[in-house]
Amino acid sequence: MNTTELGFLAVKRGDYQEAVNIFNRALEHRKAADTYFGFGLAHYHLGDLPTARWALFQALERDRDHKEAQRYISRMAQARK
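Notes on the structure in this doc start here. Not measured: the values here are computed from a predicted model. (Residues numbered from 1 in each chain as written. Predicted model: local features only at pLDDT ≥ 70, side-chain atom pairs only at ≥ 80, totals over all residues. Heavy atoms only, no water.)

## Describing the overall build of the chain
Logical step 1: Within the chain, the regular secondary structure consists of 5 helices and 0 strands.
Logical step 2: Along the chain, helices and strands appear, N-terminal first, in the series α-α-α-α-α.
Logical step 3: For 81 residues, the compact-globule formula gives about 12 Å, and the C-alpha radius of gyration of the chain, at 12 Å, lands near that figure.
Logical step 4: Taking the principal axes of the C-alpha coordinates as reference, the chain spans close to 40 × 25 × 15 Å.
Logical step 5: Within the chain, the proportion of its 81 residues that are buried is 40%.
Logical step 6: Counting only contacts in the chain whose residues sit at least 6 apart along the sequence, the fraction spanning at least 24 positions is 38%.
Logical step 7: Within the structure as shown, the chain displays about 5000 Å² of accessible surface, and the carbon and sulfur contribution to it stands at 48%. (Helix = DSSP H or I, 4+ residues; strand = E, 2+ residues; numbered from the N terminus. Rg over C-alpha atoms; globule rule 2.2 N^0.38 Å. Buried < 20%, exposed > 50% of the residue type's maximum accessible area, 1.4 Å probe, protein only. Contact = heavy atoms within 4.5 Å. Areas by Shrake-Rupley, 256 points an atom, 1.4 Å probe, with all protein chains shown as cover.)

Shown next as structure tokens:
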């Protein structure tokens, strides 16, 4: 299991701070869309929406068709209204 997969496992278990730590380490080695998405997702669940938004947009810069990143960005935009 790679570092990004471990990060998603931490998110699935609800251990969001650990997921942030894991994804942060993963980003030191590979700046991929899924890694940024996981980093953003963990911050989203921690309530750190500015960091979540930044990371999700980083995911979209690397994969403009990343549906999950688009969905969470849309969800945050709706919440601001």
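Let us keep going from here.
## A short note on the packing of helix H1 (residues 3-12) against helix H3 (residues 33-46)
Logical step 1: Interhelical geometry of H1 versus H3 gives an angle of 25° and a closest axis separation of 10 Å. Considering the angle they form, H1 stands roughly parallel to H3. Judged by the sense of rotation from one axis to the other, the crossing of H1 with H3 is left-handed. In contact with Thr-4, Phe-8 and Val-11 of H1, H3 contributes Asp-34, Thr-35, Phe-37, Gly-38, Leu-41 and Ala-42.
Logical step 2: Taken together, the residues that form the contact of H1 with H3 break down as 5 nonpolar, 3 polar and 1 charged. (Axes fitted to C-alpha atoms, helices over the stretch in contact; angles between N-to-C directions. Parallel < 35°, antiparallel > 145°, perpendicular 65-115°, else oblique. Left-handed = near helix turned anticlockwise from the far one by under 90°. Nonpolar A, V, L, I, M, F, W, Y, C, P; charged D, E, K, R; others polar.)

## A few points about helix H2 (residues 16-29)
Logical step 1: With 14 residues, H2 should cover 20 Å at 1.5 Å per step; its first-to-last C-alpha distance of 20 Å lies within 8% of that length.
Logical step 2: Three or more residues of H2 are buried, namely Ala-19, Val-20, Ile-22, Phe-23, Ala-26 and Leu-27.
Logical step 3: Contacts made by the buried residues of H2 are with H1 and H3. (Expected span 1.5 Å × (residues − 1).)

## Topic: the environment of Met-1
Logical step 1: Structurally, Met-1 is set in the segment before H1.
Logical step 2: Expressed as a C-alpha distance, the spacing of Met-1 and Tyr-36, which sit 35 residues apart in the sequence, is 18 Å.

## Topic: the pattern of salt bridges
Logical step 1: Applying the stated rule across the entire model yields 1 salt bridge.
Logical step 2: For Arg-71, the salt bridge goes to Glu-68, with nearest N and O atoms at 2.7 Å. One end of the pair is Arg-71 and the other is Glu-68, both in helix H5 (residues 67-80) and 3 residues apart, which spans about a single turn.
Logical step 3: On the basis of relative accessibility, which here comes to 39%, the residue Arg-71 falls in the partly exposed class. (Salt bridge = Lys/Arg side-chain N within 4 Å of Asp/Glu carboxyl O.)

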